[in-house]
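Commentary on secondary and tertiary structure
Listed here are the chains, written in short residue letters.
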Amino acid sequence: MIDPIVWVCLGVFVVLLLIEVPIPFGMMASSLLYILYQRDSFVMFASKLSTSFSDFTMMAVPAFLFVGIFMNEVGLTDRLFTGVEAWIGHLTGGLAHANVLASMIFAGMSGSALADAGGLGTIEVKTMREAGYQDEFTVAVTAASSVIGPIIPPSINFVMWAFLSGSSTMAMFMAGIVPGVLCGAMLMVWIYVSIKFLGVKAPKSKKYTWSERMRATWRALPAVAGPAVLIAGIMTGAFTPTECGVVASAFCILVAVCVRRFSVKMLLKALRSSISSAAMVMALCGTGLIFNWMITTSGLVKVLVAALLSLGSNALIVILLNVLMLFLGCFLGASQILILLAPLLISIGKGIGMSMVQMGVMAVFNLTISLMTPPVAPSLFITAKAAGVPFNKCLKYGCQFLVPLVVTQLLIMFIPAVTEWFPRLMGVM
């Protein structure tokens, strides 16, 4: 039985969203209304907020946000792309493949798709444009490759899911490696298909000499060494995922000093941006715990879970969940949807025997695909805006790149080994 007042509270939440009230305030207002109606103690309200803000795992969020922002400020992204380009840029479609590989490496430091699209993406678009690639295709490749950001560890969204579901952050990080590499491979296959069979123009860039390749690799080494050190440190247990964020931040500052691009002004700018973004994430998590308590206590989640499980087909249930997340992802951010749907996803996962690790990777990757899904497609929009290309002209190629992304998602959904094999091998699951 669903408590009728929850519909009023949800209506208040939707109205507040429509008038552009920040989501944390909307969740807090609707939850407060429910608490007042039920005459529950506000001690619970304060307790859940304090639990969220004091959680050790969530301390990684501001550190990873800082890394993505600071790397773009320092300019390591241009060295990274040039280093990859030096080796494969002269091949057919080489710059497009270099685009994907550079994004995979950058993902190992930033953990954010939009940080990739807004930072490394501008360098990639500029280089491919100068080489003669079609602008619309260039923007689509860049936006699609940025999707890898939240999958390859470290990942801010994996940290949030681990907090919400009580999973191991280490297991989530390890679970993202195979899907991330698989996604990159699928994108590169689609690039080949586009060039060979769909008539996409792909000029070759100049062929670097061996001495130029060595020089470009040496200059890119700090950007490549960062992800290698972090992943190796996590895998060997040298530091925890939370400590990983601090190590990454220290590494970025050290590199900035070594390449003589460090300045106090740059540091303060990155810190300000990181703090404002982290504040929003923490506010979402804090108010999200209370909001989730409301919809769980009201009986709404129980009814939805029972309705889905009554379908009798695990495959159909998983597909419907993904359709729901993809639809919501067209209008809300990934973090907000993770928080809103966490009680439902966790309950369904337990009901159909899906591990929280597989469910988490599936949800995060689904919501990352939504960054490429019209009508909003924020990753595609940001890249198109940075490149000065009309957004509507990029949609054709952007929608085509949904094919390899959806294929990767299907593998994650229906083959548990894709997400669980590596964490089990490393003994963290």
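Before reading further, recall that the structure is shown in the block above.
What this report covers is the structure whose coordinates are included nearby. Keep in mind it's a predicted model, so treat the numbers as computed, not measured. (Residues numbered from 1 in each chain as written. Predicted model: local features only at pLDDT ≥ 70, side-chain atom pairs only at ≥ 80, totals over all residues. Heavy atoms only, no water.)

Here we take up helix α18 (residues 378-387). Ser 379, Leu 380, Thr 383, Ala 384 and Ala 387 are the residues of α18 that are buried. For α18, the angular spread of buried residues about the axis comes to 125°, placing them on one side. Note on α18: the residue one or two positions beyond its end, Gly 388, has a positive phi of about 70°. (Buried < 20%, exposed > 50% of the residue type's maximum accessible area, 1.4 Å probe, protein only. Helix = DSSP H or I, 4+ residues; strand = E, 2+ residues; numbered from the N terminus. Arc of directions from axis to C-beta.)

The geometry of an aromatic ring pair is captured by the separation of the ring centres together with the interplanar angle, meaning the angle of the planes. Taken as a whole, this structure holds five aromatic pairs when the rule is applied. Judged by centre distance (5.8 Å) and plane angle (80°), the ring pair of Tyr 34 and Trp 293 falls under edge-to-face. You can see Tyr 34 sitting in helix α2 (residues 23-38) and its partner Trp 293 sitting in helix α13 (residues 264-297), a full 259 residues away along the chain. Judged by centre distance (5.9 Å) and plane angle (45°), the ring pair of Phe 137 and Phe 401 falls under tilted. One end of the pair, Phe 137, is in helix α8 (residues 135-146); the other, Phe 401, is in the loop between α19 (391-400) and α20 (402-414), with 264 residues separating them in the sequence. When sorted by exposure, Phe 137 lands in the same class as Phe 401, which is buried. Put simply, the rings of Phe 137, Tyr 397 and Phe 401 pair up and form one aromatic cluster. Across from the ring centre of Trp 210, 4.8 Å away, lies the NZ or CZ of Arg 213, which sits over that ring. (Phe/Tyr/Trp six-rings, centres within 6.5 Å; stacked < 30°, edge-to-face > 60°. Lys NZ or Arg CZ within 6 Å of the ring centre and 35° of its normal.)

Summed over all chains, the structure comprises one salt bridge. The salt bridge partner of Glu 420 is Arg 424, with a shortest N-O separation of 3.2 Å. You can see Glu 420 and its partner Arg 424 sitting in helix α21 (residues 417-425), four residues apart, about one turn around the helix. Note on Glu 420: relative accessible area 11%, which makes it buried. According to the relative accessible area criterion, Arg 424 is partly exposed, its value standing at 48%. (Salt bridge = Lys/Arg side-chain N within 4 Å of Asp/Glu carboxyl O.)

Structurally, Asn 366 can be placed in helix α17 (residues 356-369). In contact with Asn 366, other than residues within four places in its own chain, are Asn 322, Met 325, Leu 326 and Gln 409. (Contact = heavy atoms within 4.5 Å.)

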